[in-house]
Amino acid sequence: MRRTASVPARINIIGEHTDRFGGMALSFPSQHRLVLTATSATSGAGGESTVARLWNAAGGWDAELGILSEIPIGAGMSSSAALCVAVVMCAQGPNSEMAVSLDAQRIENEVLASDCGLLDQIAITHSRRGHASLIDFDDLSVTDFRIPPDWLFKLVDTGIRRKLGETNYNSPEVSTEEREMHALLETDRVREALHCDVTRLGKLLNQSHASIRDNLRASTQAIDSLVKEVQDTPGVLGARLMGGGHGGMVLALLENEEALPGELLVPSESAVIEESI
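A short tour of the structure in this document, coming up. (Residues numbered from 1 in each chain as written. Predicted model: local features only at pLDDT ≥ 70, side-chain atom pairs only at ≥ 80, totals over all residues. Heavy atoms only, no water.)

Counting 58 residues, the largest nonpolar core has Ile13, Leu26, Trp55, Trp151, Phe153 and Leu201 as its most contacted members. A total of 11 residues in this core trace back to one element, the largest contributor, which is helix 2 (residues 79–92). Residues contacting Trp55, with those up to four places away along its chain left out, are Ala38, Ala45, Gly60, Trp61, Ala63, Leu65, Val87, Cys90 and Ala91. Membership of the second largest hydrophobic core comes to 12 residues, among which are Ile223, Val230, Ala239 and Leu260. (Core = buried A, V, L, I, M, F, W, Y, C linked by side-chain atoms within 4.5 Å. Buried < 20%, exposed > 50% of the residue type's maximum accessible area, 1.4 Å probe, protein only. Helix = DSSP H or I, 4+ residues; strand = E, 2+ residues; numbered from the N terminus. Contact = heavy atoms within 4.5 Å.)

The next thing to look at is the packing of aromatic side chains. The geometry of an aromatic ring pair is captured by two quantities: the separation of the ring centres and the angle between the planes. This model, assessed by the stated rule, comprises 4 aromatic pairs. Cluster of aromatic residues (ring-pair linked, three or more members): Phe28, Phe145, Trp151 and Phe153. (Phe/Tyr/Trp six-rings, centres within 6.5 Å; stacked < 30°, edge-to-face > 60°.)

Taken together, the side chains of Met181, Leu184 and Leu185 make up a nonpolar region of the molecular surface, amounting to roughly 270 Å² of accessible area. Within the secondary structure, Met181 is located in helix 5 (residues 176–193). What makes Met181 partly exposed here is its relative accessible area of 43%. (Patch = residues over 30% accessible without salt bridge, like charges linked within 9 Å, V, L, I, M, F, W, Y side chains within 5 Å. Areas by Shrake-Rupley, 256 points an atom, 1.4 Å probe, with all protein chains shown as cover. Salt bridge = Lys/Arg side-chain N within 4 Å of Asp/Glu carboxyl O.)

The subject of this paragraph is unusual backbone geometry. Although it is not a glycine, Ser78 sits at a positive phi angle of roughly 70 degrees. Relative to the elements of secondary structure, Ser78 occurs in the loop between strand 4 (63–69) and helix 2. Overall, Ser78 belongs to the buried group, its relative accessible area being 6%. Of note, Leu140 is a non-glycine position whose phi angle comes to about 60 degrees, a positive value. Examined against the element boundaries, Leu140 turns out to sit in the loop between strand 5 (131–136) and strand 6 (141–146). In this structure Leu140 comes out as partly exposed when scored by relative accessible area, which is 29%.

Here you go:
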């Protein structure tokens, strides 16, 4: 038997650090993908050691495991979640999107020691091409949101890579009250984003970064300087640090495609699996 899972990266438009506090997020899968292939073998799990450990934690069968990935590691684009989703899909076969998300979170917690929430897993398993997922973490409901054609996004790389466990994602340096306040205000921004024009959306992204910087202290002076530079670039409507913090990618909303170099982000299809005998 051979199973192949193709899983996208996660782009979070707005709704950062809300999943642990019953908040909301608006995210979509990008064109960047990780592909895991599992082929029947005679004994155990063959492949990179971390992948094999994840495979065993997911209840995988004897298989040779191979990975190809376009998702940069530690860049705030859910590379770990994409890997765990791919492992669960190949190990267990077709299942509901939420069941895959929950088990992918479990093995990421157990094997990678990442105390992550469910944003990434849900965002990369539930979306439709051309749509974002509006995720309500209070009841784990997911609603399709058609992305307006004038919402143009690109990424700016900070050049800093980090693991979630190396950030203050769950650090006691940031109080629960501060995290809850950020999640509350960030969820208000998500709700407003569903009905606002693109200019207002840019301002919401700027506000989101300010809260990540001031309330969560999940940025650095160097990153803040880069974000400010991007925000001040002609043709950029707004920008913020994306992901767990302290590195990775800056998400920029553009008035026109020429405002920044690089490729536009393309809302793509969610995780898929193929099986052959």
